Amino acid sequence: MEGHIHKSTTNAVVLQDRSLALWEIVSVSVSCLIGEWAIRPLAPGNNWFVLVPALLAMALMVLSHLERNETLRDIGFRLDNLFAAARLVAIPTLVAVIILIAGAWLVSRSEFTVRPLRARLLLAPAWALFQQYALQGFINRRAQIVFGPGIKSVSLVALLFCLFHLPSPFLAILTFVGGFALAAAYQRRPNLYALAAAHFAVSITLSFTAPTSFTQQLRVGFKYFGLSI
Amino acid sequence: MSLQTMKLINKLPGRLVPALLVKSLLEALFLITLIILFAFDTFPPIRGSVEVAPYGINGWAVNTIKPGARVEVQLFIDQKLTARVEASNSRPDVVLAGFAEDEWHGYHFPLTSIGNGVHQARVYGVHESGAAARRTMQSIGDPVYFELKNGILTEVER
């Protein structure tokens, strides 16, 4: 009798934890979508308003890590598995970079150029690390609470990464495939530095070579439409 | 309840539910505030009038959020843009009625280039926002109908 009660209580607690993790994923995703879709059209010229949902999401993520007793090492800010993780992502990243350069050359042909380095690209490594932290260090970990490690949680991460890059069809496809590969790699070897390096390599290749008609200068959300309203 | 079950329950992140609720509430308030500010910034109520005068269409227009600003008005005759001016003529009656702090909100559209007959006139107040990237139009009052005969306008009922 007591064993039955214990089992049903355990099931209820696990279900509650899964629901909570799912809510966390939805909450952080909503913050991201507000930043991408609501700020620019509703408060043109006040792009710093994006800090409101960003800081709220950050506060939630930090609190969640503390509440769940996750350390920086658990999340993936570590060096002990850097090379193992790098080995996992190196070949897919290299393949992606070669495909992107070849694709850009095929599409542009005689107009193919390597664009000069823009100052804001200097921030790209930090931005890539932050994105991978939010995507893998938070969303992937919560997705694993909801669905467990494996195809379901990896697919959810890839889908969300794709969603955050809409409405750009090119980036949506690229981020779905890339997000899937990186999420799978993270579940095997949780190291954010290796994933951020892979993310940075693909981003910088796109910035330098891909025709802007495809990438719209890597704009996503409302900004994609190139409007400043 | 066994000790094991208690331990399991204690492992649940208890502060997360209130944190998620507070975050959702703050984001909702933030969005609502943005939407309200957007609405007032983009569509500030423009009050005014459209009057048929013997030699044109007269009236006044005041941006009720910024009563000291001048409003651009556009005249549409039979749904075609015919003319645009800044409403900055003297209209002391607008101040007396308490609609504006100064009298410089009147406009006048002389009508010379349209044919005789009955026409519809509609005046829109134009508002620029979003660092001049956005222009919105609001109808000032209802459309008026007039008959033009030998260069003289007469209001007609519709």
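In this text, all values refer to a predicted model and were calculated from it rather than measured experimentally.

1. So, the nonpolar core
Residue and element names in this part refer to chain A. With 45 residues, the main nonpolar core has Val28, Val89, Ile139, Val157, Leu182, Ala185 and Leu195 as its most contacted residues. At the level of secondary structure, the elements contributing two or more residues to this core comprise α1 (2-37), α3 (51-67), α5 (82-108), α6 (124-147), α7 (151-163), α8 (169-188) and α9 (192-209). Looking at this core, the element that brings in the most residues is α9, giving nine residues. The residues touching valine 157, leaving out its near neighbours within four places in the chain, are Leu135, Ile139, Asn140, Ala143, Gly179 and Ala183.

2. Observations concerning the environment of B:Ile152
Along the chain, B:Ile152 turns up in strand β10 (residues 152-156). Separated by 96 residues in sequence, B:Ile152 and B:Gly56 place their C-alpha atoms 8.3 Å apart.

3. Notes on the packing of α6(A) against α7(A)
All names here are of chain A. Contact geometry of α6 with α7 gives a least axis separation of 8 Å together with a crossing angle of 140°. Between α6 and α7, the angle falls in the class oblique. Considering the relative orientation of α6 and α7, their crossing is right-handed. Here Leu135, Ile139, Asn140, Ala143, Gln144, Val146 and Phe147 of α6 lie close against α7, whose contacting residues are Lys152, Ser153, Leu156, Val157, Leu160 and Phe161. Residues belonging to the contact of α6 with α7 are distributed by class as follows: nine nonpolar, three polar and one charged.

4. Quick notes on the sheet that holds strand β5 (residues 89-90) of chain B
Pairing between the strands of a sheet is mediated by backbone hydrogen bonds and can be parallel or antiparallel. All names here are of chain B. A sheet is described by the order of its strands in space; here four strands give the open sequence β1-β2-β6-β5, paired in antiparallel fashion. What marks the edges here is a single partner per strand, and that holds for β1 (46-53) and β5. Inspection of the sheet shows β5 paired to strand β6 (residues 104-110) by two bridges, in the antiparallel sense. For asparagine 89, the partnering residue across the bridge sits in β6 and is glycine 106.

5. Here we look at the pairing of strand β3 (residues 71-77) of chain B
All names here are of chain B. Where β3 lies against strand β4 (residues 80-87), seven bridges are found, and the strand directions are antiparallel. The residue of β4 that forms the bridge with isoleucine 77 is lysine 80. Between β3 and β4, which pair antiparallel and follow one another directly, the connecting turn spans two residues, one of which, aspartate 78, has a positive phi of 50°. Where β3 meets strand β7 (residues 117-129), six bridges bridge the pair, whose relative direction is antiparallel.

6. Structural notes on the domain arrangement of chain B
Domain boundaries in chain B define domain 1 (3-42) and domain 2 (46-156). Averaged C-alpha coordinates put domain 1 of chain B and domain 2 of chain B at centres separated by 48 Å.

7. Focus on unusual backbone geometry
Working note: non-glycine residues mostly have negative phi, and peptide bonds are mostly trans. Here the bond from A:Leu166 into A:Pro167 is cis, since omega is 5°, no more than 30 degrees from zero. Mapping A:Pro167 onto the fold places it in the loop between α7 and α8. Phi at B:Gln79 is positive, roughly 65°, even though this residue is not glycine.

Reading guide: rules and limits
- Residues numbered from 1 in each chain as written.
- Chains lettered and ligands numbered in written order.
- Predicted model: local features only at pLDDT ≥ 70, side-chain atom pairs only at ≥ 80, totals over all residues.
- Core = buried A, V, L, I, M, F, W, Y, C linked by C-beta atoms within 7 Å.
- Buried ≥ 20, exposed ≤ 12 C-beta atoms within 10 Å, placed from the backbone.
- Helix = DSSP H or I, 4+ residues; strand = E, 2+ residues; numbered from the N terminus.
- Contact = placed C-beta atoms within 7 Å.
- Axes fitted to C-alpha atoms, helices over the stretch in contact; angles between N-to-C directions.
- Parallel < 35°, antiparallel > 145°, perpendicular 65-115°, else oblique.
- Left-handed = near helix turned anticlockwise from the far one by under 90°.
- Nonpolar A, V, L, I, M, F, W, Y, C, P; charged D, E, K, R; others polar.
- Pairing = 2+ DSSP bridges.
- Domains from an automatic or database assignment.

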